[in-house]
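# Residue-level structure breakdown
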Amino acid sequence: MSSKRILLIIGGGIAAYKSLELIRELGRRGIASRVIVTKAGTEFVTPLSVAALSGDKVYTELFNLTDETEMGHIELSRSADLLVVCPATADLMAKAVHGHANDLASTTLLATDKPVLMVPAMNVRMWGHAATQRNVAQLRADGVTVMEPDEGPMACGEFGPGRLPEVSRIVAEIQAMLRPPADKKRLAGVHALVTAGPTREPLDPVRYLSNHSSGKQGYSIAIALAAEGARVTLVSGPVSLPAPEGVDLVKVETARDMLKACEDALPADVFVSVAAVADWRPVKTATQKLKLKGKGAAPAIELAENPDILRTLSNKKKKRPGLVIGFAAETEEVERHANEKLARKGCDWIVANDVSGDVMGGLENEIALITRDGAERWPRMPKEQVAARLAARIADQISGRDDPQKLAAE
Ligand code: C5P
């Protein structure tokens, strides 16, 4: 999806500032934004901040001689793969329904031959008004995709549906609309099991052993597999990430809970073991908070080894997932350790990364994919792109594109 571009129309609503985050998140996934800001939109975000984030010229006026000579408004309306109106105000939607063309945004919407996504955001009563609901129904009948707004407290102090959906939800919708139809359902009918985040091993009711895993890479992989059409079960340790849309989320605390949840989720066609499972747990968990007994009398903590979830699932006689992928977070000699791990755990692939930098909890990752055929080194990229690329490789493998026999027969 690296060469895709959207034309983003930023309407005049308080949620306009979130479109800046949208531009940034899309950019992280290799999707460029060319932006039109309506006159009302410029009351909420400045074209300068939009230009800085999109790295492109920002368009605001219909009758601008310089713009028209550089890129006419008809060409502009067709220069992208998808038009996204975010936030879509009640006024912009009403104009689109009636085919108005009295400013650059409405003219572009009328002149385009590309799919259109509208992301509404407005006051709860404006959203619920019969006129808006009629307009939404008409837009959908005209082939426009209109997202449902979120429900919750609003900037105006009221509560209800009308809030702009979470940026992650908008990004997922845009990615789905940009994907070519043939690729959309490559993992349809496939059950993917993914673990993510750390585990927590309790010492007493208030203390635990854990690690810095944020869950970001595992959640991104679950989302990317779901986007490829898989049914995804995501077994997650405690993280502060929102539950991804369209994924079955099972929340657990300890390694033993995580193993049980994974076994309960079988059979699965693919297992991606991303979680940073704690290797040890305290042998005893005190039922009451451990008390300070006096200077120099720190309690000794006896540890027991946790079950190895990856190895357990890799070595199942019955119900072994067809493709088992482990992660190897190393700080030195990454590939050598990863190869050893492949053999020791009995999995099929290892995603190896060097965590000596800011990878754990960070936004980017640089990995090597180790299969039985060797190592593929991928360049450093955002964790979402690692996820999309890994999901595509899984889809290649499962749909047989990587099968040497099938390749030979082609
Ligand atoms: O041996 P190491 O912990 O480095 O292996 C990492 C891989 O093994 C990861 O895929 C991780 O999810 C998995 N693992 C596991 N259960 C454990 C420890 C690690 O599934 N107890």
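Residue numbers restart at each chain and count upward from 1, following the sequence in its written direction. This being a predicted model, a pLDDT of at least 70 is required before a residue's local features are given, and a value of 80 or more before pairs of side-chain atoms are given or counted; all residues contribute to the totals for chains, interfaces and linings. The basis for every side-chain value is the complete set of heavy atoms in the structure, and neither hydrogens nor water enter the calculation.

Bringing a nonpolar patch on the surface into the picture now. Exposure above 30% relative accessible area and the lack of any salt bridge qualify a residue for a patch; like charges then connect within 9 Å, and the nonpolar side chains Val, Leu, Ile, Met, Phe, Trp and Tyr within 5 Å. Each accessible area value is a Shrake-Rupley result obtained with a 1.4 Å probe; residue values ignore everything except the protein chains displayed when judging cover. We count a salt bridge whenever a side-chain nitrogen from Lys or Arg sits within 4 Å of a carboxyl oxygen from Asp or Glu. Together, Ile14, Tyr17 and Phe44 give the surface a local cluster of nonpolar side chains, amounting to about 330 Å² of exposed area. Within the element layout of this structure, Tyr17 appears in the loop between strand 1 (5–10) and helix 1 (18–28). Segments assigned H or I by DSSP are reported as helices when at least four residues long, segments assigned E as strands when at least two residues long, and all are numbered from the N terminus.

Consider each residue's heavy atoms; a residue with any of them within 4 Å of a molecule or strand counts as near. Close to the ligand lie Ser273, Ala275, Val277, Asp279, Pro307, Asp308, Ile309, Leu310, Gly326, Phe327, Lys341 and Lys345, which account for all nearby residues. The separation between an oxygen atom of the ligand and a polar main-chain atom of Ser273 is 2.6 Å. Here Phe327 contributes a backbone N or O atom positioned 2.7 Å from an oxygen atom of the ligand. Here the term cavity refers to a set of points on a 1 Å grid, laid over the protein atoms alone, in which a 1.4 Å probe fits but cannot get out; the term pocket refers to an open set having protein on both sides within 12 Å along at least five of seven lines, with lining residues being those that place an atom within 4 Å of a point. More than half of a molecule's atoms lying within 2 Å of a cavity's or pocket's grid points is what places that molecule inside it. The site holding the ligand turns out to be the second largest pocket. Elements represented by at least two residues in the shell around the ligand include exactly helix 12 (309–314), strand 17 (323–330) and helix 13 (334–345). Across the shell around the ligand, the residue classes tally to six nonpolar, two polar and four charged. We define a polar contact as two N or O atoms separated by no more than 3.5 Å, with the added condition that, inside protein, one atom must be a possible hydrogen donor and the other a possible acceptor, whereas residues neighbouring each other in sequence contribute only through side-chain atom pairs. When residues are sorted by character, Ala, Val, Leu, Ile, Met, Phe, Trp, Tyr, Cys and Pro go into the nonpolar class, Asp, Glu, Lys and Arg into the charged class, and all the rest, Gly among them, into the polar class.

Omega for the bond connecting Cys86 with Pro87 falls within 30 degrees of zero, at -5 degrees, which places this linkage in the cis form. Its location among the elements puts Pro87 in strand 4 (residues 82–88). Leu266 connects to Pro267 through a cis peptide bond whose omega is 5 degrees. Mapped onto the fold, Pro267 is located in the loop between helix 11 (255–265) and strand 14 (270–273). Phi angles above zero are rare outside glycine, and Glu333 is one such case at about 45 degrees. One can find Glu333 in the loop between strand 17 and helix 13.

Here the focus is the pairing of strand 17. The cut-offs for exposure are 20% and 50% of the maximum accessible area for each residue type, with area from a 1.4 Å probe on protein chains only; residues under the lower value are buried, those over the upper are exposed, and the others partly exposed. Counting buried positions over the eight residues of strand 17 gives seven, a clear majority of the element. Strands are treated as partners if at least two bridges between them are detected by DSSP. Relative to strand 17, strand 14 is paired through four bridges, and the arrangement is parallel. If you follow Phe271 over to strand 17, its bridge partner there is Val324. Sheet analysis places strand 17 next to strand 18 (residues 349–354), joined by six bridges and oriented parallel. Bridging from a neighbouring strand, Ile325 pairs with Trp349 of strand 18. Looking down the strands as they point away from you, a crossover is right-handed if its path from the first strand over the helix to the second goes clockwise. Taken together, strand 17, helix 13 and strand 18 form a β-α-β motif whose crossover is right-handed.

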